[in-house]
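Here is what each chain is made of, one letter per residue.
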Amino acid sequence: MRIVFFSLMAYPDLPEPDERHSTWVDPNPTWYNPEVANRAYHAYLNELEYADALGYDGLGMNEHHNCAYVMSPSPNVWASAVARRTNNAAICVLGNTLVNYPSPVRVAEEFAQLDTVSGGRLIAGMVPGTTMDTAYSYGVNPSTLRQRYLEAVELIKKAWTADKPFEFNGRFSQYRYVNPWPKPAQDPHPPIWMPAGGSRETWELAARLKLVYAHLTLGSLQSVETINAGYWDMMREMGREP
């Protein structure tokens, strides 16, 4: 077993529950104090660096938007800071919400940059994304989410592995030249994780793309066992060895 030290980077000074506002999508802007956030950010970064010194196998950070309990709209920013000041642990970006990025090539470039500066320690998380982050916060048409995600993953993998510039004409992205510099340090590319919930459609997508599926265990032990069993059944249906 390997252990990832994971930080949500929550805002630490929220008021008592407010019936008019949640901590996600519509938190009250008056709750925010930049001095509190500054202290919190440095504390969270110190924790990640200390986890590397203690021998954790990975350092995890994720992405949410309009969210007071995850102050991390860009985990790549934190990954770059942590990669520069750590030596051993994998840098686990879990992950970039691909459909929120206007350019999947930008994700390929930033991940390759992180993999290079970390000396090949990046785990490249690519999440389908929650409705709160995609539809509500970024205005992405929810009926296109899976198609956008599928196209973005395929484009990023090709951008990392192609041995010459190529043209790409997808439904959502069109490029005359795809030729990102730098390339990832890992060959052929960093491992891609797919953090997600527990739907059959997501399991099927993970199997089709041959991604490492990271199940978010937010329920009871019983619900986890049910989801795990369904996931492995789907892998067998898709012809993949558990």
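Refer to the structure above for everything that follows.
Definitions and limits used
Residues numbered from 1 in each chain as written. Predicted model: local features only at pLDDT ≥ 70, side-chain atom pairs only at ≥ 80, totals over all residues. Heavy atoms only, no water. Axes fitted to C-alpha atoms, helices over the stretch in contact; angles between N-to-C directions. Helix = DSSP H or I, 4+ residues; strand = E, 2+ residues; numbered from the N terminus. Parallel < 35°, antiparallel > 145°, perpendicular 65-115°, else oblique. Left-handed = near helix turned anticlockwise from the far one by under 90°. Contact = heavy atoms within 4.5 Å. Nonpolar A, V, L, I, M, F, W, Y, C, P; charged D, E, K, R; others polar. Expected span 1.5 Å × (residues − 1). Pairing = 2+ DSSP bridges. Salt bridge = Lys/Arg side-chain N within 4 Å of Asp/Glu carboxyl O. Buried < 20%, exposed > 50% of the residue type's maximum accessible area, 1.4 Å probe, protein only. Phe/Tyr/Trp six-rings, centres within 6.5 Å; stacked < 30°, edge-to-face > 60°. Arc of directions from axis to C-beta.

Participant: Would you explain the packing of helix 5 (residues 145-161) against helix 6 (residues 200-209) in this entry?
Facilitator: Packed helix pairs are characterised by how far apart their axes lie and by the angle those axes make with each other. One way to put it is that helix 5 packs onto helix 6 with a least axis distance of 12 Å and a crossing angle of 20 degrees. By the criterion of interaxial angle, the relationship of helix 5 to helix 6 is roughly parallel. Pair helix 5 / helix 6 crosses with right-handed handedness. Residue-level inspection shows R146, Y149, L150, V153, E154 and K157 of helix 5 in contact with helix 6, the latter providing E201, T202, L205, R208 and L209. Broken down by class, the residue content of the contact of helix 5 with helix 6 amounts to 5 nonpolar, 1 polar and 5 charged.

Participant: How should helix 3 (residues 104-117) be read in this particular structure?
Facilitator: Given 3.6 residues to a turn, an α-helix orients residues that are three or four positions apart in the same direction. The end-to-end C-alpha distance of helix 3, which contains 14 residues, comes to 20 Å, matching closely the 20 Å that a straight helix rising 1.5 Å per residue would cover. In the core, the buried residues of helix 3 are packed alongside helix 2 (75-85), strand 3 (90-97), strand 4 (122-127), helix 5 and strand 6 (174-178). Taken from the residues just after helix 3, G119 is the one with a positive phi, measuring 75 degrees.

Participant: Got a minute to help me understand the sheet that holds strand 8 (residues 212-215) in this structure?
Facilitator: Each strand in a sheet pairs with its neighbour through backbone hydrogen bonds, running either in the same direction (parallel) or in the opposite one (antiparallel). Across the sheet, 6 strands lie side by side as 1-2-3-4-7-8; this open sheet has parallel pairing. Every interior strand has two partners, whereas the edge strands, strand 1 (4-7) and strand 8, have only one. The average angle at which neighbouring strand axes cross in this sheet is 25 degrees, direction not considered. Judged from the 5 bridges that link them, strand 3 and strand 4 form a sheet pairing that is parallel.

Participant: It is not clear to me how the pattern of salt bridges should be interpreted in this structure. Could you clarify?
Facilitator: Two side chains carrying opposite charge are able to pair once their charged atoms lie near each other. Tallying each qualifying case throughout the model produces 6 salt bridges. When the shortest N-O distance is used, the salt bridge between D18 and R20 registers 3.6 Å. For D18, a relative accessible area of 21% puts it in the partly exposed group. The exposure class of R20 is exposed, given its relative accessible area of 67%. Notably, a salt bridge pairs R106 with E110, separated by 2.7 Å at the nearest N-O pair.

Participant: Before we go on, may I ask you to explain the packing of aromatic side chains in this structure?
Facilitator: Aromatic rings in a pair are described by how distant their centres are and how their planes are angled relative to each other. Evaluated as defined, the whole model comprises 7 aromatic pairs. Seen in terms of ring centroids, F5 and Y56 are 5.5 Å apart; in terms of plane orientation they differ by 75 degrees. Their pairing is edge-to-face. Taken as a pair, F5 in strand 1 and Y56 in the loop between helix 1 (34-54) and strand 2 (58-61) lie far apart in primary sequence, 51 residues in all. Judged by its relative accessible area of 22%, F5 falls in the partly exposed class. With a relative accessible area of 31%, Y56 lands in the partly exposed category.

Participant: I keep staring at the environment of P190 and nothing clicks. Help me out?
Facilitator: Of note, P190 is situated in the loop between strand 6 and strand 7 (192-196). When the C-alpha positions of P190 and M235 are compared, they lie 22 Å apart, and in sequence the two are 45 residues distant. Leaving out residues up to four positions away in the same chain, P190 has contacts with D115, L122, A124, W160 and P184.

Participant: Help me understand helix 7 (residues 221-237), please; the structure alone is not making it clear to me.
Facilitator: Between its terminal C-alpha atoms helix 7 stretches 24 Å, which fits the 24 Å expected from 17 residues at 1.5 Å a residue. Of the positions making up helix 7, those classed as buried are V224, G230, Y231, M234 and M235. Looking straight down helix 7, one finds that the buried residues subtend no more than 140 degrees of arc, so they occupy a single side. Turned more than 90 degrees from where helix 7 packs its buried face, L221, Q222, T226, R236 and E237 sit exposed. Those residues of helix 7 that are buried lie in contact with helix 6 and strand 8. Note on helix 7: the residue one or two positions beyond its end, G239, has a positive phi of about 80 degrees.

None of the figures reported here should be taken as evidence of function without further support.
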